[in-house]
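Structure assessment
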Amino acid sequence: MSKMKNIPNNLTKWDLSEDSLAPLTDYQKECLLSLEEELFPDSKFKTEEASDTTCTNEEIKKSVQIETCQDLLEHYATLEKKCMDKKDLKYILYLNELQARQQECHELCVQIEEALEDFTMLFKQYSEVSDKTTSLYDASEQLDSDQRKLNSTIENITEYVKYFKDIDVMLEKLDAPTLSVNSEMFFNILNKIDTNIDFVQNNPSFKESNTYLIKYKHCQSKAISMMQNYISNLFSKTTESILNLRDNDDSQDNADAALALFYGRFQTILSKARPVIEQIEAKSYKRQEYDNLLSECHQYYWNQRALILGSSVQKSLLSVKEKYNGDHCSLVRNSCALLLHASMDEYKLFYEFFSKPPNGLTAYFESLCTSLYDTLRPFIIHINHLETLAEICCILRIEMLDEHVQNNFEPLEGFGNICLQLLHDVQERLVFRAHLYLHSDVANYNPSPGDLAYPEKLKMMEDIAESIREETWQTKMKKISVSSNDDNNIAESMSKNHIEMDSIYQKSHIGNSPADLHGMWYPTVRRTLVCLSRLYRCVDRSVFQSLSQEAILLCVDSIESASQEIEKRATSLDAQLFQIKHLLILREQIAPFQVDFTIKEYSLDFSKVKTAAFGLLEKSARFFTLSNNALLEFLLEGAPQMKEQLVDSRKHVDNTLKYACQHLIQHATFLLIHPILKLLEKEKLHAGNSEVSQEHALGSAQDVAAAISEVLRLIKFKCPEIQQLMQLYLSNKETEFILFRPIKNNVCAAFTQLYQILSKYYNSEELLLIACPLPEQISVMLSSSSLTHGKHTQIVNKT
């Protein structure tokens, strides 16, 4: 018990500052201070804590009496609570601060709510005032807008009313006797009329707009009639003055005076008419009335110019016709030139008055140039000469249409149309006369003895050419003898002369045969080629193709008939060479024509009609049956068919020429080796007959030898004659070589075949007796018989 009683005393002495039972070390004190600082950071709190600690210790010492363990625990709990309270003191203080601030915020919110209520009341009052102010402003704006609209309406009414009030002023001005059409005031009236018409037409809803439109149309028609009368009076007065001067004076006979009269008089009114016409043309693009007025002015102008120029042009054409009576080409050329210049002058004068291109200008020029057609056509349809017709075609096509009309198409279009009509008439007449000419002078040509005098006329021309060459040679020899002083020079001159004569002779036989001369052609060939050359540039290509086809076929037939007549009076060789030469001329001369000589011919093929007719007779039982009717089958199967056939006249010439060359080759071969050909034919006849002995197949060796000698004689004498005729007719080395080569080949082939047959039927002794030359020997013999070499030798001998 005594110990229990001492416990409180000991506890009181536990932490005494002096003589404490458990004194604290300095380190422990420092730790305790650090702990206090951690727990109580504020100094104030620390001081208060120190004071409180002292107080607490004293109070503990005074008030706390710990007698039991429970008191100790309670006291410990109290201390622990205090300690914990001290630890949470800052939070408690912060909580108290927050509560204070919350209270302040609550008071502030109450004040704000009171202020918002005041503001709400103010906003209501402001809204009432603003609504009243806005309504007042809108009312003011509406009044201002209404005022402006009313002012605009007043202005529009004032502006629109003038379109309706102007009608009386315009009518008064148009009725004024002093108003001139060619004045600025009249042009302003025209512009105002157009403006008012546009306004009334664009505002049909205005009251009485239709009535005022009719009134303005009336004003417009009145102004248009004033301009029409003004222009027509100007033109008619000028026309009357020109006609009166022309009737009373003969100055129109002078070209310059007539030009001044016909064109100068009209140019004097240009300053009066041009402003009015410009107004009409400017308004014609927008208004049909002015366009119609412009067309009437054009027509009236053309009528007046036709009155002036019509009789003058006809009179000039009559004078040209009298001047060039009989000379149709000059008549056509000068008449066309007259109307050409008149058209150019009229075109220039027209566009001095008018600037807008009219629609009837070409028709006016055509009417002006119709007198040209009426004057020239009666002459054209009576011309029979092809040369004249062809030259007139060239004048119209080349000189007039190509050179003048194409370069000035617009002013000369009407003149070109009349020239084109004349050209068509001339071409039609030319084609008609060409048909008659081809049938009368080509197809039905009756040759005279001189036309068929072949080869006499060629030899005559050759002799004339030979004499000319000899005279030329003798002239050169005389010049050389005079200019030479010694024998050496003479010898050199003679040698040079031989060379020159050789070249002259050679040149004279290269394409210079008398048959190559135009005058030596057979008349039908010459006429055909002249006719085609005239037609080539004068008619259309299709017409020329048709005519050339007919002309060439007729010409080939005439050449063939002429060759037959020559064969009767001369030889077959002359006839064949005549035909070949003229076919070569024809083919060469038609080559430059750049046309197709092929035309289409149509014919009906009735071959099926005959077959169907025989079938119809066999099906007579089915004439009236409904199915498989024989009459219907005949109509369907027996209809004639159209056949198209191409006819090429150039190919016809080539084929005829080829046939003539083949015939010539065969005939020349026969002339040279006809005895051998008879032997070969005899061998063919007896080759299949076994009863005839071999020695009698060709005859005896003497007979064969006689035939071969006869052939060699023919080759020696006939071959130069054939070559001479070839050279006389053809006179072209290449052509002669082409024709003579197959003759030579045929002769060599015949001797080759004969040599083989002879070696088959005769022995060596008989072959020696026959003495048949080899084909190589025949070839050499044919080549050595050159006519040119012989003639050259003769000329050298003469020199």
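Residues numbered from 1 in each chain as written. Predicted model: local features only at pLDDT ≥ 70, side-chain atom pairs only at ≥ 80, totals over all residues. Heavy atoms only, no water.

**Focus: the overall build of the protein chain**
The condition is simple: Labels follow the DSSP assignment, with helices taken as runs of H or I lasting at least four residues and strands as runs of E lasting at least two, numbered in each case from the N terminus. For every residue, the accessible area obtained with a 1.4 Å probe (protein chains only) is divided by the maximum for its type, and the residue is called buried under 20%, exposed over 50%, and partly exposed between those limits. In what follows, residue pairs with any heavy atoms lying within 4.5 Å of each other are defined as contacts. Per-residue and other accessible areas follow the Shrake-Rupley method at a 1.4 Å probe size, with only the shown protein chains counted as cover for residues.
Along the protein chain, the regular secondary structure elements total 27 helices and two strands. The proportion of buried residues among the 799 residues of the protein chain is 35%. Taking as baseline every contact in the protein chain between residues at least 6 positions apart, the subset at least 24 positions apart corresponds to 78%. Summed over its atoms, the accessible surface of the protein chain is roughly 48300 Å², and 55% of this surface lies on carbon and sulfur atoms.

**Brief notes about the environment of Ile-189**
Relative to the assigned elements, Ile-189 resides in helix α6 (residues 184-202). In contact with Ile-189, not counting residues within four places along its chain, are Lys-173, Leu-174 and Leu-179.

**A look at helix α23 (residues 701-729)**
Keep this limit in mind: The span you would expect from a helix comes to 1.5 Å times its residue count less one. Think of it this way: the bend at a residue is just the angle between two axes, each fitted to seven residues, one set ending at that residue and the other starting at it.
In this model α23 runs 40 Å from its N-terminal to its C-terminal C-alpha over 29 residues, within 8% of the 42 Å that 1.5 Å per residue would give. Its axis deflected by about 35° at Lys-718, α23 carries its strongest bend there, up to four residues before the proline Pro-720. Ser-731 lies just past α23 and shows a positive phi near 50°.

**Considering the side chain of Thr-239**
Condition: Each polar contact in these results corresponds to two N or O atoms within 3.5 Å; when the atoms are within protein, one needs to be able to donate a hydrogen and the other to accept it, and residues that are neighboring in sequence are counted only if both atoms are side-chain atoms.
Topologically, Thr-239 is positioned in helix α7 (residues 209-248). At 2.8 Å, the side chain of Thr-239 forms a polar contact with the side chain of Gln-304. With sequence-adjacent residues up to four places away left out, Thr-239 is seen in contact with Phe-266, Gln-304, Leu-307 and Ile-308.

**Concerning a nonpolar patch on the surface**
Basically, it comes down to this: Patches were defined on residues exceeding 30% relative accessible area and lacking a salt bridge, with like-charge contacts within 9 Å and nonpolar side-chain contacts (Val, Leu, Ile, Met, Phe, Trp, Tyr) within 5 Å. A pairing counts as a salt bridge when a side-chain nitrogen of Lys or Arg comes within 4 Å of a carboxyl oxygen of Asp or Glu.
Together, Leu-108, Ile-112, Leu-116, Phe-119 and Leu-122 give the surface a local cluster of nonpolar side chains, amounting to about 500 Å² of exposed area. Inspection of the secondary structure puts Phe-119 in helix α5 (residues 89-174).

**A word on the environment of Glu-567**
One can find Glu-567 in helix α18 (residues 541-569). We classify Glu-567 as partly exposed; its relative accessible area is 40%. Spatially, the C-alpha atoms of Glu-567 and Tyr-454 are 9.6 Å apart, while their sequence positions differ by 113 residues. Beyond its immediate sequence surroundings of up to four residues, Glu-567 is in contact with Ser-572 and Ala-575.

**Overview of the packing of aromatic side chains**
When we look at a pair of aromatic rings, we describe it by the centre distance and by the angle of the planes. Applied cut-off: Between 30 and 60 degrees the pair is tilted, below 30 it is stacked and above 60 it is edge-to-face, where a pair is any two Phe, Tyr or Trp rings, Trp via its six-membered ring, whose centres lie within 6.5 Å. In this scheme, the term charge over a ring applies when either NZ of a lysine or CZ of an arginine sits within 6 Å of the ring centre and within 35 degrees of the ring normal.
For the coordinates displayed, the defined rule picks out 21 aromatic pairs. Three or more aromatic residues joined by ring pairs make a cluster, and in this case those are Phe-235, Phe-266, Tyr-301, Trp-302, Tyr-347, Phe-350, Tyr-351, Phe-353, Phe-354, Tyr-364 and Phe-365. Sitting above the plane of the Tyr-212 ring, Lys-215 keeps its charged end 4.7 Å from the centroid. Geometry around Phe-266 places Arg-305 over its ring, the cationic atom sitting 4.7 Å from the centre.

**Overview of the confidence of the model for the protein chain**
Just so we agree on the cut-off: Every residue gets a pLDDT, meaning the predictor's confidence in that residue, from 0 to 100.
A residue-level look at the protein chain finds 76% of positions with pLDDT of 70 or above and a mean pLDDT of 78. Across residues 484-511 the pLDDT falls below 50, and counting only partners more than four positions away or on other chains, this stretch makes 30 contacts in the model. Predicted confidence for residues 787-799 stays below pLDDT 50, and this span has 15 contacts to residues more than four positions away or in other chains.

**What to know about the packing of helix α10 (residues 288-323) against helix α11 (residues 328-353)**
Formally: To define axes, lines are fitted to C-alpha atoms, for helices over the stretch in contact only, and angles between the resulting N-to-C directions are given on a 0 to 180 degree scale. The scheme is simple: roughly parallel for angles under 35 degrees, roughly antiparallel for over 145, roughly perpendicular for 65 to 115, oblique for anything else. Should the near helix be turned anticlockwise from the far one by less than a right angle, the crossing is left-handed, and should it be turned clockwise, the crossing is right-handed. Three categories are distinguished: nonpolar for Ala, Val, Leu, Ile, Met, Phe, Trp, Tyr, Cys and Pro, charged for Asp, Glu, Lys and Arg, and polar for the others, with Gly belonging to the last.
Closest axis-to-axis distance for the α10/α11 pair is 11 Å, and the angle between their directions is 160°. Between α10 and α11, the angle falls in the class roughly antiparallel. Two packed elements cross with a definite hand, and for α10 against α11 that hand is right-handed. Contacts between α10 and α11 pair His-298, Tyr-301, Trp-302, Arg-305, Leu-309, Val-313, Ser-316, Leu-317, Val-320 and Lys-321 from the former with Leu-331, Asn-334, Ser-335, Leu-338, Leu-339, Glu-346, Leu-349, Phe-350 and Phe-353 from the latter. Residues belonging to the contact of α10 with α11 are distributed by class as follows: 12 nonpolar, four polar and three charged.

**A look at unusual backbone geometry**
A cis geometry characterises the amide bond from Tyr-454 onward to Pro-455, with omega recorded as 5°. Turning to its location among the elements, Pro-455 is positioned in the loop between α14 (413-443) and α15 (456-483). Despite not being glycine, Glu-208 has its phi angle at roughly 65°, a positive value. Within the secondary structure, Glu-208 sits in the loop between α6 and α7.

**Considerations on the nonpolar core**
Rules: Definition of nonpolar core: a set of buried residues of the types Ala, Val, Leu, Ile, Met, Phe, Trp, Tyr and Cys, connected through side-chain atoms within 4.5 Å.
Core analysis: the largest hydrophobic core is formed by 169 residues, its most contacted members being Phe-186, Met-227, Phe-353 and Phe-415. By residue number, the principal contributor to this core is α7, which donates 13 residues. Leave out the neighbours within four places in its chain, and Phe-186 touches Leu-174, Leu-179, Ser-180, Val-181, Ala-223, Met-226 and Met-227.

**Looking at the pattern of salt bridges**
Considering all chains together, one arrives at 20 salt bridges under this definition. The shortest N-O distance in the salt bridge between Asp-194 and Arg-287 comes to 3.3 Å. Here Arg-287 lies in the loop between α9 (270-284) and α10 and Asp-194 lies in helix α6, a separation of 93 residues in the sequence. When its relative accessible area of 8% is taken as the criterion, Asp-194 is described as buried. Judged by relative accessible area, Arg-287 falls into the buried class, the value being 12%.

**Notes on the packing of α23 against helix α26 (residues 775-784)**
Orientation of α23 relative to α26, taken along the N-to-C sense of each, is 25°, at an axis distance of 9 Å. Considering the angle they form, α23 stands roughly parallel to α26. As for the relative orientation of α23 and α26, their crossing is right-handed in sense. Residue-level inspection shows Leu-712, Ile-715 and Cys-719 of α23 in contact with α26, the latter providing Ile-778, Met-781 and Leu-782. When grouped by side-chain class, the residues that make up the contact of α23 with α26 number six nonpolar, no polar and no charged.

**Digging into the environment of Ser-232**
Mapped onto the elements, Ser-232 comes out in helix α7. Here the alpha-carbon distance between Ser-232 and Ala-273, two residues 41 residues apart in the chain, equals 9.9 Å. In terms of polar contacts, Ser-232 uses its side chain to reach the backbone carbonyl oxygen of Gln-228, at 2.9 Å.

**Thoughts on the side chain of Thr-238**
Among the structural elements, Thr-238 can be located in helix α7. For Thr-238, the residues in contact, after removing those within four places along its chain, are Arg-265, Phe-266 and Ile-269.

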